[in-house]
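# Coordinates in review
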Amino acid sequence: MVSPVSTNLYTYELLPIFDVPALQLIIDEAIGAGCDHIVLVSSRQKPGLEAYIAPSPDVVAKLRDQGRNDVADRLARIGSDVRVSVTYQDNPKGLGHAVGCARELVGNEPFAVLLPDELRGDSGLLRLLIDSCEETGKSAIELKRVPMDQVSAYGVVTVTEGSPADGPFGICGVVEKPKSEDAPSDLIILGRYVLTPDIFVDIDALQPHANGEYQLTDALLAQGLRGELLGHLTTTKRWDTGTPTGWLEAVLDAAASQPHVNHMMTEWFKKNLS
Ligand code: G1P
C-alpha cells in the first residue's frame, strides 16, 4: 500500500496552484493587506525559494510575451514595491523557533505570520487582524470552530469569560494539539497571526517540547496570560496545501475560476469520472 505523502517533503511553496506558485499567492496576500517587507524563513535545502524572489526581468518578459501580464506584474513587484528577505532556520525546531529566526529582520514592530501551507483567497482576513492589532495594541489571531474530533491537529484556545459570543475573544489559555478529550474548547488556531514584538521575549523563554520543538503556541499563551491576545472567529475559505488532497482542491478551485479552463474540466470530469 502506498500512503499519501505530505507535500511538505517538497518545496511545496513553489508548487503551482494551477498557474501561479503558492508562494506568489502568499506574497500577494501580504502585499494586499499592506505589508511592505516580507521575510521568508526558509532552509538552505530550499534554494528555489531564494531564486524565486531574486529579480528576474527575463522571466517577467517571457510572461509578458505569453500574454500573462497579471502574473508578470505580480512577480515584478517583488523587490520593487515590496522588500522580500530570506532568513534560515537550518534545524526544524518548531514554529516558535522559526518566528524567532526572523527577529532581526522584523525589528521592534508588530508583524504578521503567514503559514505558507495554508492559502486564502484574498487579503481580507489578514487586514482584519492587522486592524485589530492597530486598534487595540494586542496580538490578533484567527480562530475557527471545528468538531471536537478535529481539534487534536491544532492549537486550541480557552476564551476569557465575558467575551462576546462571536468574538473577538480575549484568550487566556492555549494548548498545542491536545487530545480531543483534554481540549479546552472547539476553537482552533489557524495559520494567520498578527503579533506584537514583545512575543520575541516570550519566544526567548520557550522550553522545548518532548519532540524538541519550540512552539509558538506557548509564546501565545504567555501573551494571553498578560491579557494581550485577541482571537477573531473566521469562516474564511482555507486550502491546506500541506496535504496532497488539500493541494489538489486548491488547484481545482483556481482552475475552475477561469472560464475557459472550467469548460475543459467539466468535459474531463464527464469523460473520466462518473
Ligand atoms: C501550527 C501551529 C498550530 C496551528 C496550526 C494551524 O501547527 O503550531 O497551533 O493550529 O499550525 O495550521 P502545524 O500545522 O505546523 O503542525
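Refer to the preceding data block for the structure.
This section reports on the structure supplied with the text.

Reading guide: rules and limits
- Residues numbered from 1 in each chain as written.
- Predicted model: local features only at pLDDT ≥ 70, side-chain atom pairs only at ≥ 80, totals over all residues.
- Heavy atoms only, no water.
- Helix = DSSP H or I, 4+ residues; strand = E, 2+ residues; numbered from the N terminus.
- Rg over C-alpha atoms; globule rule 2.2 N^0.38 Å.
- Contact = heavy atoms within 4.5 Å.
- Areas by Shrake-Rupley, 256 points an atom, 1.4 Å probe, with all protein chains shown as cover.
- Buried < 20%, exposed > 50% of the residue type's maximum accessible area, 1.4 Å probe, protein only.
- Pairing = 2+ DSSP bridges.
- Near = heavy atom within 4 Å.
- Polar contact = N/O pair within 3.5 Å; in protein donor to acceptor, adjacent residues only side chain to side chain.
- Nonpolar A, V, L, I, M, F, W, Y, C, P; charged D, E, K, R; others polar.
- Core = buried A, V, L, I, M, F, W, Y, C linked by side-chain atoms within 4.5 Å.
- Salt bridge = Lys/Arg side-chain N within 4 Å of Asp/Glu carboxyl O.

Turning our eyes to something else, we now look at the overall build of the protein. The number of helices and strands found in the protein is eleven helices and twelve strands. Its C-alpha atoms give the protein a radius of gyration of 20 Å, near enough to 19 Å, the size a compact globule of 274 residues would have. Of all intrachain contacts in the protein linking residues separated by at least 6 positions in sequence, the fraction that spans at least 24 positions is 73%. Accessible surface for the protein amounts to roughly 14,500 Å². Of this, 54% is attributable to carbon and sulfur atoms.

Take the pairing of strand β3 (residues 37-42) next. On β3, burial follows the alternation: I38, L40 and S42 on one face are buried, whereas H37, V39 and V41 on the facing-out side are not. The sheet contact formed by β3 and strand β4 (residues 83-88) spans six bridges and is parallel. By the bridge assignment for β4, V39 is matched with S85.

Every residue close to the ligand is listed here: L115, E118, Y154, G155, E176, K177, I189, L190, Y193, Q215, T217 and R238. E118 is positioned such that a nitrogen or oxygen atom in its side chain is 2.5 Å from an oxygen atom of the ligand. Against a free-state accessible area of 380 Å², the protein chains account for coverage of 76% of the ligand. In terms of residue count, strand β10 (residues 187-195) provides more of the shell around the ligand than any other element does, three residues in total. In the shell around the ligand, the residues fall into five nonpolar, three polar and four charged.

Time to look at the nonpolar core. Formed by 24 residues in total, the largest nonpolar core has its most connected members in Y193 and L220. Counting only elements with at least two residues in this core, the list comes to β5 (111-114), β7 (139-145), β9 (169-176), β10, α8 (199-204) and α9 (216-225). Once residues lying within four places of it in the same chain are set aside, the contact partners of Y193 are L95, F111, A112, V113, L115, L129, A140, I141, L216 and L220. Counting 18 residues, the second-largest nonpolar core is a separate cluster that includes V20, I27, I53 and L63.

What follows is about the pattern of salt bridges. Tallied over the entire structure, the rule returns 20 salt bridges. Of the charged contacts in the structure, one is a salt bridge between E29 and R192, with a shortest N-O distance of 2.8 Å. Here E29, found in helix α1 (residues 22-32), pairs with R192, found in strand β10; they are 163 residues apart in sequence, far enough to count as distant. This pair shows no difference in class: E29 is buried, exactly as R192 is. Between R120 and E142 there is a salt bridge, with the nearest N and O atoms lying 2.7 Å from each other. Here E142 lies in strand β7 and R120 lies in strand β6 (residues 118-120), a separation of 22 residues in the sequence. E142 sits in the buried class, given a relative accessible area of 0%. Through salt bridges with shared partners, one network takes in E118, R120, E142 and R238.

These figures capture arrangement, not role.
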